[in-house]
Amino acid sequence: MLLEALRLRDFRNLRGIDIEPHSRFNLLTGANGQGKTNLLEGIYLLSAVKSFRQKTTNRNLINFEGEQAILEARIRRGGHVRKVRIEISEGGKKVYLNGESVRNLSDFFGTLNVVIFGPEDIGILKGSPSRRRHFIDRAIFNAHPAYGTESMHYDDVLKNRNALLKTPRLDESLLAVYDDQFIEWGTKILRRRLDFIEHFRPVLRRTFRSIFSADLEANIAYDISWIDGRFDEAQALEEEGYLEALLEHSLRASAGGERERGYTLVGPHRDDLKATLDGRDMRAFASQGQTRAFVLAMKIAEVTHLEERYHFAPILLLDDVSSELDRERTKKLFAFLKGRAEGQVFITTTHRDHIPLDDELKWFEIHGGAVSTTDH
Ligand SMILES: Nc1ncnc2c1ncn2[C@@H]1O[C@H](COP(=O)(O)OP(=O)(O)O)[C@@H](O)[C@H]1O
Ligand SMILES: [Mg+2]
């Protein structure tokens, strides 16, 4: 997968960007506040149609002095070239694929796959469960574009169900309809996540071992807090109807509490990932170095998992990584990047010297939202 051309108009402080990236490494250098992360955000948006920055509005994405932001890319995958275009105005986003308006995002998702790694990713382990759910959901989305719309369906049912649970006189027949939808979409989400974990786990284990010198076993487990007793991941995947029954039973068991509190107490929106080293909870016991190595391993494993299981190389966006990783870890990361047979990478940095790359690269200097190409 290659981003052959990128064009941005009035996107944040990037008023007019036209670049033709290198098929391998693209270095974006510049001082702080010049627009490096914004450029990565633009690429990310062309993939996910939303930003990776939390709580951003359409207005924030459009240049302070503009009315509309335009993002365009030419993407090559296999023998095919596709053109994507996103127009952002205050009222909403319009998506185009090869010049045609996209009505259903499920027709668009999967056109461009990106994996981003930036300084705030340390929060995957240290932050709230929602950060870990976001990690797993992004990873699945890259493998199965349909997951993007499945998650939206689940979120919609959840929202409707929660609104209904808050009404003073509960419409039981409507609740029964929502329950069916909730179980249907909830099961899909759970199955995708468990399937992901099963295949991701060995890749993570191997990756962690290769980047962290001590012989520790990294592990990750899907953590469901809303069921009593033990949860058997393998059984849940193998046994037909297991997850449906689990959700149905749990909804019934929590019916009283739900009515009291006015929201849904069970389901994948409450779940978490539990990361351990040699069986010990990362969150409670890990040193900062171990935490960073673990997060790096998760990101590298996310890419490797896509390459090995789905046979394609996503585009990597590395935002200021050398500021977050120590020298040893930075070396491991770049060894991994150079060792990939293919795969396009965009790397931002304030200091060229931080990036140990000499070959197969293009260098872009970003200053005040404008880009110039240099060759040293
Ligand atoms: N909608 C916008 N219009 C104009 N400038 C913006 C907008 N949103 C953010 N910016 C500017 O973008 C700059 C930050 O860009 P960023 O890409 O995060 O910098 P860095 O190069 O450090 O990664 C800030 O100066 C900020 O004011
Ligand atoms: Mg930045």
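Residues numbered from 1 in each chain as written. Chains lettered and ligands numbered in written order. Predicted model: local features only at pLDDT ≥ 70, side-chain atom pairs only at ≥ 80, totals over all residues. Heavy atoms only, no water.

You can read the domains of the protein chain as domain 1 (1–113 + 312–376) and domain 2 (122–310). Measuring from the centre of the C-alpha atoms in domain 1 to the corresponding centre in domain 2 gives 28 Å. Taken together, the contact pairs 21 residues of domain 1 with 22 residues of domain 2. Looking only at domain 1, the three residues that lose the most surface to domain 2 are Phe109, Phe312 and Arg329, adding up to 33% of its buried area. For the pair domain 1 and domain 2, the number of links is 1 salt bridge. Across the pair arginine 340 and glutamate 307 runs a salt bridge whose closest N-O atoms are separated by 2.8 Å. In this assembly, domain 1 and domain 2 are joined by 6 residue pairs in polar contact (both at pLDDT 80 or more). Elements with a minimum of two residues in the side of domain 1 that touches domain 2: helix 1 (36–48) and helix 12 (327–339). If you tally residues by element for the side of domain 1 that touches domain 2, the top one is helix 12, at 4 residues. Along the lines of polarity and charge, the residues of the side of domain 1 that touches domain 2 split into 11 nonpolar, 5 polar and 5 charged. (Domains from an automatic or database assignment. Contact = heavy atoms within 4.5 Å. Buried area = accessible area lost by both parts, 1.4 Å probe. Salt bridge = Lys/Arg side-chain N within 4 Å of Asp/Glu carboxyl O. Polar contact = N/O pair within 3.5 Å; in protein donor to acceptor, adjacent residues only side chain to side chain. Helix = DSSP H or I, 4+ residues; strand = E, 2+ residues; numbered from the N terminus. Nonpolar A, V, L, I, M, F, W, Y, C, P; charged D, E, K, R; others polar.)

Time to look at the site of ligand 1. Around ligand 1 sit 15 residues, and of these Gly33, Thr37, Asn38, Asn60 and Ile62 come closest. A distance of 3.0 Å is found between an oxygen atom of ligand 1 and a backbone nitrogen or oxygen belonging to glycine 35. When isolated, ligand 1 has an accessible area of 580 Å², and the protein chains bury 75% of it. Ranked by the residues each element gives to the shell around ligand 1, the list is headed by helix 1, at 3 residues. Residue classes in the shell around ligand 1 are distributed as 3 nonpolar, 9 polar and 3 charged. (Near = heavy atom within 4 Å. Areas by Shrake-Rupley, 256 points an atom, 1.4 Å probe, with all protein chains shown as cover.)

The end-to-end C-alpha separation of helix 5 (residues 146–165) is 29 Å, in line with the 28 Å expected for 20 residues at 1.5 Å each. Along helix 5, the residues classified as buried are Tyr147, Gly148, Thr149, Glu150, Ser151, Tyr154, Val157, Leu158, Arg161, Asn162, Leu164 and Leu165. Of the surrounding elements, those touching the buried residues of helix 5 are helix 4 (129–143), helix 6 (172–211), helix 8 (242–253) and helix 9 (255–261). (Expected span 1.5 Å × (residues − 1). Buried < 20%, exposed > 50% of the residue type's maximum accessible area, 1.4 Å probe, protein only.)

Our next topic: the packing of aromatic side chains. A complete count under the given rule lists 9 aromatic pairs for this structure. Arranged with centres 4.9 Å apart and planes meeting at 85°, the rings of phenylalanine 109 and phenylalanine 141 form a pair that is edge-to-face. Separated by 32 residues along the polypeptide, phenylalanine 109 in the loop between strand 7 (100–101) and strand 8 (114–117) and phenylalanine 141 in helix 4 bring together distant segments of the chain. Classification of phenylalanine 109 by relative accessible area gives buried; the value is 8%. Overall, the relative accessible area of 8% leaves phenylalanine 141 in the buried class. When the centroid spacing of 5.7 Å and the interplanar angle of 50° are considered together, the rings of phenylalanine 208 and phenylalanine 294 count as tilted. In this pair, phenylalanine 208 sits in helix 6 while phenylalanine 294 sits in helix 11 (residues 288–310), placing the two residues 86 residues apart along the sequence. Judged by its relative accessible area of 0%, phenylalanine 208 falls in the buried class. Among the aromatic residues, those joined into a ring-pair cluster are Phe108, Phe109 and Phe141. The ring centre of phenylalanine 312 lies 4.6 Å from the NZ or CZ of arginine 77, which sits over that ring. A cation over a ring is seen here: lysine 188 above tryptophan 185, with NZ or CZ 4.7 Å from the ring centre. (Phe/Tyr/Trp six-rings, centres within 6.5 Å; stacked < 30°, edge-to-face > 60°. Lys NZ or Arg CZ within 6 Å of the ring centre and 35° of its normal.)

Right, let's get into helix 4. Compared with the 21 Å implied by 1.5 Å per residue over 15 residues, the 22 Å span of helix 4 between its first and last C-alpha is a close match. Among all positions of helix 4, only Arg132, Arg133, Phe135, Ile136, Arg138, Ala139, Ile140, Phe141, Asn142 and Ala143 are buried.

Turning to its location among the elements, arginine 132 is positioned in helix 4. Within polar-contact distance, the side chain of arginine 132 engages the backbone oxygen of leucine 273 at 3.4 Å. With residues up to four places along the chain from it excluded, the contact list for arginine 132 reads Gly123, Ile124, Leu125, Gly127, Asp272, Leu273 and Arg283.

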